2 protein chains.
Amino acid sequence: MPVGRRPGAYHCGTDAAMDIIDGKWKVLILWALGEGTRRFGELRRLLPGVTEKVLAAQLRELEADGIVHREDYAEVPPRVEYSLTEMGDQLNEALEPLAAWGKRHVLGVEPAAR
Amino acid sequence: MPVGRRPGAYHCGTDAAMDIIDGKWKVLILWALGEGTRRFGELRRLLPGVTEKVLAAQLRELEADGIVHREDYAEVPPRVEYSLTEMGDQLNEALEPLAAWGKRHVLGVEPAAR
DNA sequence: CCGTATCCGAGTAGATACTG
DNA sequence: CAGTATCTACTCGGATACGG
């Protein structure tokens, strides 16, 4: 089932995907969740500079788009855990070549071997 | 040589790359130039809804980042041609898995075979 | 601990008109 | 044809304070 907030407004797969990961912190969230489940407070510490409001908003968008799963344990003190859905995991994999390009051409890190 | 407008401010290759393609029309410009050299007017027609000002601005950013090459023929009437640099071409390739993901999960187009 | 409410500022994009 | 100039509109993200 298709996701995204601008149904029918895309010209190609790339800008459709861009719409999903559009947001200052989204790829960083993906990155952080790629290593496993994280709690809200952990994510906040992993993303230096993000405010609770913005982090919560971006997490909700990712959740609405089916990229992250939100598990609320309804305990006191509160505990909420975020993790990637299978779709989110695949998105993360699809992002890898882009990460490699960025590392090489933007960060200037040449690959070790050729 | 590294490019990008926020040197040293990146956490990983992905958000470094995101900084380069950040802009409403950039991936569409990449897409259009992927098929060959285009003139300004052609790009404008290929990107329905873009204004001259915004198109010019985004092209200049891509040029500054070493993604597109701008060839001004200094003729009358004016002729300016845009094309991808080698780096831009590689960026376009790095974007392909993301495009495939978007096609499949956002646009809902399943791959033909498995 | 995990958020929401409110207000605000900055940057991005759009419309329109004009120029070399 | 290929832009620039000006003005405006809007959305995103940030700061701070408060709530369950």
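Small disclaimer: the values here were computed from a predicted structure and weren't measured.

A. Structural detail: the protein's contact with DNA strand D. Of all residues adjacent to DNA strand D, which total 20 residues, the nearest are K24 and K53 of chain A together with R39, R70 and Y82 of chain B. The sugar-phosphate share of atoms of DNA strand D within 4 Å of the protein amounts to 69%. In this structure, R70 of chain B approaches DNA strand D through a side-chain N or O atom, which is 2.5 Å from a phosphate oxygen. Among the secondary structure elements, those contributing two or more residues to the surface near DNA strand D are α4 (52-64) of chain A together with α3 (40-46), α4 (52-64) and β3 (80-84) of chain B. Sort the elements by how many residues they give to the surface near DNA strand D and α4 of chain B lands first, with four residues. Partitioned by chemical class, the residues of the surface near DNA strand D number eight nonpolar, four polar and eight charged.

B. Expanded view of the sheet that holds strand β2 (residues 68-72) of chain B. Residues and elements named next belong to chain B. Strand order in this open sheet of three strands is β1-β3-β2, and the pairing throughout is antiparallel. The open sheet terminates on both sides in strands that have one partner only, identified here as β1 (38-39) and β2. Judged from the two bridges that link them, β1 and β3 form a sheet pairing that is antiparallel. Across the sheet, residue R38 finds its bridge partner in β3, namely Y82.

C. A look at the side chain of N92 of chain A. Residues and elements named next belong to chain A. Structurally, the position occupied by N92 is in helix α5 (residues 86-94). By relative accessible area, which is 13% here, N92 ends up buried. The residues touching N92, leaving out its near neighbours within four places in the chain, are L30, W31, G34 and L84.

D. Representation of the sheet that holds strand β1 (residues 38-39) of chain A. All names here are of chain A. Strand order in this open sheet of three strands is β1-β3-β2, and the pairing throughout is antiparallel. The open sheet terminates on both sides in strands that have one partner only, identified here as β1 and β2 (68-72). In this structure, β2 lies alongside strand β3 (residues 80-84), joined through five bridges in antiparallel fashion. If you follow R70 over to β3, its bridge partner there is Y82. With respect to the sheet, helix α2 (residues 26-33) is in contact with β1, β2 and β3, its orientation differing from that of β3 by roughly 95°.

Criteria and thresholds
- Residues numbered from 1 in each chain as written.
- Chains lettered and ligands numbered in written order.
- Predicted model: local features only at pLDDT ≥ 70, side-chain atom pairs only at ≥ 80, totals over all residues.
- Heavy atoms only, no water.
- Near = heavy atom within 4 Å.
- Polar contact = N/O pair within 3.5 Å; in protein donor to acceptor, adjacent residues only side chain to side chain.
- Helix = DSSP H or I, 4+ residues; strand = E, 2+ residues; numbered from the N terminus.
- Nonpolar A, V, L, I, M, F, W, Y, C, P; charged D, E, K, R; others polar.
- Pairing = 2+ DSSP bridges.
- Buried < 20%, exposed > 50% of the residue type's maximum accessible area, 1.4 Å probe, protein only.
- Contact = heavy atoms within 4.5 Å.
- Axes fitted to C-alpha atoms, helices over the stretch in contact; angles between N-to-C directions.

Coordinates in, geometry out; function isn't part of it.
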